[in-house]
Amino acid sequence: MCCFSFSYAPASEAPYTDASGSYEARFVTVNSSDSADYTLNGVTKAQLYFAEGQEITVDAGTKEGYSFKGWSINSEEEIVISEGNISTSIVKFTMPDANVGMTAGWASSDASLQSVSVSDVAGEINGNTITVVLPYTTEVLPTNEVDISIVPTDSIASVKDLKTEDEGKTWTFTVEAEDKTTQQYTINVSIADRVILEGYSVRLDGKIGLNFHMLLNDDSLKKDSYMKFIWNGGEVQVSTDSIQPTTVNGKTYYIFPCEVAAKEMADVITAKFYDSNNTCLMEKQYSVKEYAQVIIENKDNNEEYANAIPLAKAMLNYGAYAQQYFDYNESNLANNITDANGNVLISDTEKDLSSITVDTFTFSKVSAMTIDGIGTFAGATPSFQWK
């Protein structure tokens with residue numbers, strides 16, 4: 001609870017006196033250490049004087065994140081409130097022949113969350129939904145309340161009605177703030193898959209590489225497993241043993257590259273991940289064309305994507321030229337892309353390849369194009385473009 005105090009007495013900024021100069025003034029002192037926009041007879045002053053019988057109006061104002069809780073009043077004389085009461089933020093009374101002290105109480109309305117964890121695994125809080133992914137080795141989801149830790153942002157807030165009705169997959173609860181404001185929350189709990197495709201990147205270093213970023217949650221998959229890539233132009237197998245793990249933001253990724261020719265940018269690549277027993281654990285499909293299209297479609301929402309647009313379009317134009325030059329899959333040119341509403345994303349003007357000849361038809365014309373400050377197509381350094 002936060003508060004501010006008024007110590008009131010007989011109003012001006014100087015004491016009153018009678019003709020003989022013997023009039024005893026009653027003073028008002030306003031003490032406030034919070035951000036409430038209080039007023040005393042319409043003004044905010046550190047000290048004011050009032051005469052006995054004068055009408056006083058005190059307004060507690062408002063304070064962001066708090067609700068008014070009530071007044072506490074201290075005076076040697078009885079205070080007769082003419083409008084409002086000790087529970088209203090505005091009160092009016094007649095100044096008695098005594099100093100008056102008033103304290104406004106505030107109650108926090110903060111029902112937000114600081115942290116949530118399940119079986120000591122921290123959850124990701126997104127609005128009123130918390131997502132918790134337990135380790136792959138977890139055998140069953142916890143169904144006991146003692147396995148759920150919920151910490152409100154405000155220590156005074158309380159957690160109520162924690163329950164699950166589907167064997168621990170979903171938990172619901174309520175946070176009640178000091179002022180009784182409530183927020184409803186849902187925890188979604190799952191067990192991590194043995195292998196997860198986290199995202200993609202494209203590498204340009206004289207060749208075109210579509211990278212698949214994998215999380216291997218089962219340690220046994222970190223050896224003797226492999227990824228098989230299949231597309232219209234070929235098939236290749238990449239062993240996990242040949243991949244150097246990369247750690248980003250506390251997560252360790254195995255980045256499996258699939259190199260394709262320029263003419264194959266529009267080809268859909270099927271990626272299959274196998275364990276040491278040749279059991280397929282995951283199958284996904286993607287293409288260089290799709291990757292670039294995501295960049296172009298989301299340029300308005302991501303500055304890095306916006307900076308990469310010239311390079312993304314140049315790369316797709318290069319792929320389209322290669323398709324035409326080699327009479328390859330011309331019904332699905334790399335630079336023929338539209339959004340969900342049918343809007344063309346690369347105009348005919350941007351597709352103009354009249355300046356390209358056999359002499360200039362080398363990949364270096366595209367791979368040499370880099371943009372400072374972006375990583376999406378920055379040479380051989382992969383960057384993530386998430387699912």
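Residues numbered from 1 in each chain as written. Predicted model: local features only at pLDDT ≥ 70, side-chain atom pairs only at ≥ 80, totals over all residues. Heavy atoms only, no water.

*Asks:* For the packing of helix α1 (residues 288–297) against helix α2 (residues 303–325), give the residues involved together with the corresponding values.
*Replies:* Between α1 and α2, the shortest axis-to-axis distance is 8 Å and the interhelical angle comes to 145°. Of the two elements, α1 crosses α2, and the hand of that crossing is left-handed. For the pair formed by α1 and α2, the contact residues are Val-288, Lys-289, Ala-292, Val-294, Ile-295 and Ile-296 on the first element and Tyr-305, Ala-308, Ile-309, Ala-312, Lys-313, Met-315 and Leu-316 on the second. Per-class residue counts for the contact of α1 with α2 are 11 nonpolar, no polar and two charged. (Axes fitted to C-alpha atoms, helices over the stretch in contact; angles between N-to-C directions. Helix = DSSP H or I, 4+ residues; strand = E, 2+ residues; numbered from the N terminus. Left-handed = near helix turned anticlockwise from the far one by under 90°. Contact = heavy atoms within 4.5 Å. Nonpolar A, V, L, I, M, F, W, Y, C, P; charged D, E, K, R; others polar.)

*Asks:* Account for the nonpolar core, naming residues and giving values.
*Replies:* Residues Phe-212, Met-214, Met-227, Phe-229 and Phe-256 are the most contacted members of the largest nonpolar core, which totals 44 residues. Elements with a contribution of two residues or more to this core: β18 (195–204), β19 (208–216), β20 (226–231), β23 (251–260), β24 (269–274), β25 (280–286), α1 and α2. For this core, the element with the most residues is α2, which contributes eight residues. The residues touching Met-214, leaving out its near neighbours within four places in the chain, are Val-195, Ile-196, Leu-197, Met-227, Thr-252, Tyr-253, Tyr-254, Phe-256 and Met-282. Ranked by size, the runner-up nonpolar core spans 20 residues in total, among them Val-121, Leu-134, Ile-148 and Ala-157. (Core = buried A, V, L, I, M, F, W, Y, C linked by side-chain atoms within 4.5 Å. Buried < 20%, exposed > 50% of the residue type's maximum accessible area, 1.4 Å probe, protein only.)

*Asks:* Tell me about the confidence of the model for the protein, and please be specific about residues and values.
*Replies:* Predicted confidence across the protein gives a mean pLDDT of 83, with 80% of residues reaching 70 or more. Across residues 4–23 the pLDDT falls below 50, and counting only partners more than four positions away or on other chains, this stretch makes 89 contacts in the model. (pLDDT = per-residue confidence, 0-100.)

*Asks:* Give me the pattern of salt bridges: which residues, what numbers.
*Replies:* Summed over the entire model, instances satisfying the criterion amount to 12 salt bridges. A salt bridge links Glu-259 to Arg-203; its shortest N-O distance comes to 2.8 Å. Placement of the pair is Glu-259 in strand β23 and Arg-203 in strand β18, with a sequence separation of 56 residues. Among the residues examined, Arg-203 registers a relative accessible area of 10% and is labelled buried. (Salt bridge = Lys/Arg side-chain N within 4 Å of Asp/Glu carboxyl O.)

*Asks:* How would you sum up the sheet that holds strand β7 (residues 81–83)? Please name residues and give values.
*Replies:* Within a sheet, neighbouring strands are paired by backbone hydrogen bonds and run either parallel or antiparallel to one another. A sheet is described by the order of its strands in space; here four strands give the open sequence β3-β5-β8-β7, paired in antiparallel fashion. Taken across any chain shown, the strands that pair with only one partner, and hence form the sheet edges, are β3 (39–40) and β7. (Pairing = 2+ DSSP bridges.)

*Asks:* Outline α2, supporting the account with residue identities and numerical values.
*Replies:* Along its 23 residues, α2 runs 34 Å from first to last C-alpha, staying within 8% of the 33 Å computed at 1.5 Å per residue. Where α2 terminates, the next one or two residues include Asp-327, which has phi positive at roughly 50°. (Expected span 1.5 Å × (residues − 1).)

*Asks:* Tell me about the pairing of strand β16 (residues 170–176), and please be specific about residues and values.
*Replies:* Among the seven residues of β16, five are classified as buried, and the element is accordingly described as predominantly covered. Where strand β15 (residues 158–164) meets β16, five bridges bridge the pair, whose relative direction is antiparallel. Counterpart to Lys-163 in the pairing with β16 is Thr-172. Hairpin geometry of β15 and β16 is characterised by an intervening segment of five residues between the two adjacent antiparallel strands and by a positive phi of about 60° at Glu-167. Across seven bridges, the pairing between β16 and strand β17 (residues 182–191) is antiparallel.

*Asks:* Go over unusual backbone geometry with me, naming the residues and quoting the values.
*Replies:* Positive phi, normally seen in glycine, also occurs at Ser-119, with a value near 50°. Along the chain, Ser-119 turns up in the loop between β10 (113–118) and β11 (121–122). When its relative accessible area of 34% is taken as the criterion, Ser-119 is described as partly exposed. At Glu-167, a residue that is not glycine, the phi angle is positive and equals roughly 60°.

*Asks:* How would you summarise the sheet that holds β16 if you had to cite specific residues and measurements?
*Replies:* Spatially, five strands are ordered β12-β13-β17-β16-β15 in an open sheet, and the strand pairing comes out mixed. Edge strands, defined here as strands with exactly one partner in the open sheet, are β12 (124–126) and β15. Taken pair by pair, the neighbouring strands of this sheet meet at an average axis angle of 20°, ignoring direction. Alignment of β12 against strand β13 (residues 129–134), held across three bridges, turns out to be antiparallel. Bridge assignment links Asn-126 to a residue of β13, and that residue is Thr-129.

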